[in-house]
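Now for the letters of each chain:
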Amino acid sequence: MRVLGIETSCDETAVAIVETTAAAPHPVGRILANVVYSQLTEHRRFGGVVPEIAARAHLERIDGLVEEALGTAGLDLADLDGIAATGGPGLIGGVMVGVMTAKALAFAHEKPFIAVNHLEGHALSVRLTEDVTFPYLLLLVSGGHCQLLTVRGPGDFTRLGTTIDDAVGECFDKTAKLLGLGFPGGPAVERAAAGGNPGRFSLPRPMWRKPGCDFSFSGLKTAVRQTVERLEAGDRSAIADLCASFQRTVGDVLADRCANAFAMSPSPTLVVAGGVAANLYLRRRLEDLAARHGARLVAPPVKLCTDNGAMIAWAGIERLRLGMVDALDFKPRPRWPLHSDSAS
Ligand code: KG4
Ligand code: ZN
């Protein structure tokens, strides 16, 4: 089975072709092409993603990237078994570009069309490369989301908790912006933190030791801003120390929430996915936490943590195997919670 996946929900225009060979219970995925055009230069001078610019850039690039992916894989559209695209949630202009492109290809070449929830793409991506069986606990941490879920299969999720304000990736991005480290902030903060003293600044840990699995990051964001305002000029280690302290605080909070998730829904596997899962320090913290609960932590390769087409193609394969395809009148969904998706 071979599926082409399109991802255009934020600021990466991405197309991939993924093939699966083995049958149930767990097929093995092979990435035949995975091209990503990152719109970083378009958005950098604004310090964040500008939706109109993103939509236009997706439109300009998407056809070329589909051709490039097919060329890399050495395939024609006729060789595919399905066309998948992110159907939401995300910036609606971009999602429309991806969905329209996928529908047009599916219609013209008489292939099934699969609308993939972007979060489901992240949630299932680990199974493309790792031997992970359902059900598993999932910590989904990205620029727009921070959730704990039980994953039983495509379209079959129970949400244990979510953020009541900001997403954790947003908090990384804001911290980087305040410190002048550039955009996107996550990788910059991680690099700066590597040489810093995590014990120097004491920052608040919202929701720490509270019952349940919800998150909150706005208080931490404010505390980082206030700390930056108080820094003295010439304090050369301040940036590294603050990044390290911030990262440790985030690690404390994520581990605390995951401990509660293990109590609510015991599981031999904790999966971390989404852009923030690329952070190696946070992975180590979660590895330790999982081990304390007799579980293992599994994460996608770093390159597949941030947005990409391979995770959409893979989720397309998982759905296609179960006969879960979509009609060509599917409407892009700017909001699309995972846990209420069980009927689709
Ligand atoms: O999943 P993703 O690519 O896009 C969304 O669906 O939101 O996640 C992007 C987020 C950004 O906030 C980015 O700063 C963060 O993931 N991120 C990281 C790292 N790499 C990306 N955060 C912490 N450490 C990293 N190494
Ligand atoms: Zn994402």
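Residues numbered from 1 in each chain as written. Chains lettered and ligands numbered in written order. Predicted model: local features only at pLDDT ≥ 70, side-chain atom pairs only at ≥ 80, totals over all residues. Heavy atoms only, no water.

The five strands lie next to each other as β3-β2-β1-β4-β5, forming an open sheet whose pairing is mixed. Of all strands in the sheet, those bounded by a partner on one side alone are β3 (29-38) and β5 (113-117). Taking each pair of neighbouring strands and ignoring which way they run, the sheet shows an average axis angle of 20°. In terms of strand pairing, strand β2 (residues 12-20) meets β3 through nine bridges, oriented antiparallel. In the strand pairing of β3, Thr 20 is matched with Gly 29. Helix-sheet contacts for helix α2 (residues 51-73) involve β1 (2-7), β2 and β3, and the interaxial angle to β2 is about 25°. Together, β1, β4 (82-88) and β5 form the strand contacts of helix α3 (residues 92-108), whose direction differs from that of β4 by roughly 160°. (Pairing = 2+ DSSP bridges. Helix = DSSP H or I, 4+ residues; strand = E, 2+ residues; numbered from the N terminus. Axes fitted to C-alpha atoms, helices over the stretch in contact; angles between N-to-C directions. Contact = heavy atoms within 4.5 Å.)

Next up on the list: the domain arrangement of the protein. For the protein, the assigned domains are domain 1 (2-129 + 304-321) and domain 2 (136-299). Using C-alpha coordinates to define each centre, domain 1 is positioned 27 Å away from domain 2. Every contact between the two is made by 19 residues of domain 1 and, on the other side, 21 residues of domain 2. In this assembly, domain 1 packs against domain 2 so that about 1500 Å² is buried in total across both faces, 74% of it on carbon and sulfur atoms. The largest share of the area that domain 1 buries against domain 2 comes from Leu 119, Val 126 and Cys 305, three residues that together contribute 34% of it. Between the two partners, domain 1 and domain 2, sit zero salt bridges. Of all the secondary-structure elements, those providing two or more residues to the side of domain 1 that touches domain 2 are α1 (40-44), α4 (118-124), α5 (126-129) and α11 (309-321). Here the side of domain 1 that touches domain 2 gets five residues from one element, more than from any other, and that element is α4. Here the residues of the side of domain 1 that touches domain 2 are counted per class, giving eight nonpolar, five polar and six charged. (Domains from an automatic or database assignment. Buried area = accessible area lost by both parts, 1.4 Å probe. Salt bridge = Lys/Arg side-chain N within 4 Å of Asp/Glu carboxyl O. Nonpolar A, V, L, I, M, F, W, Y, C, P; charged D, E, K, R; others polar.)

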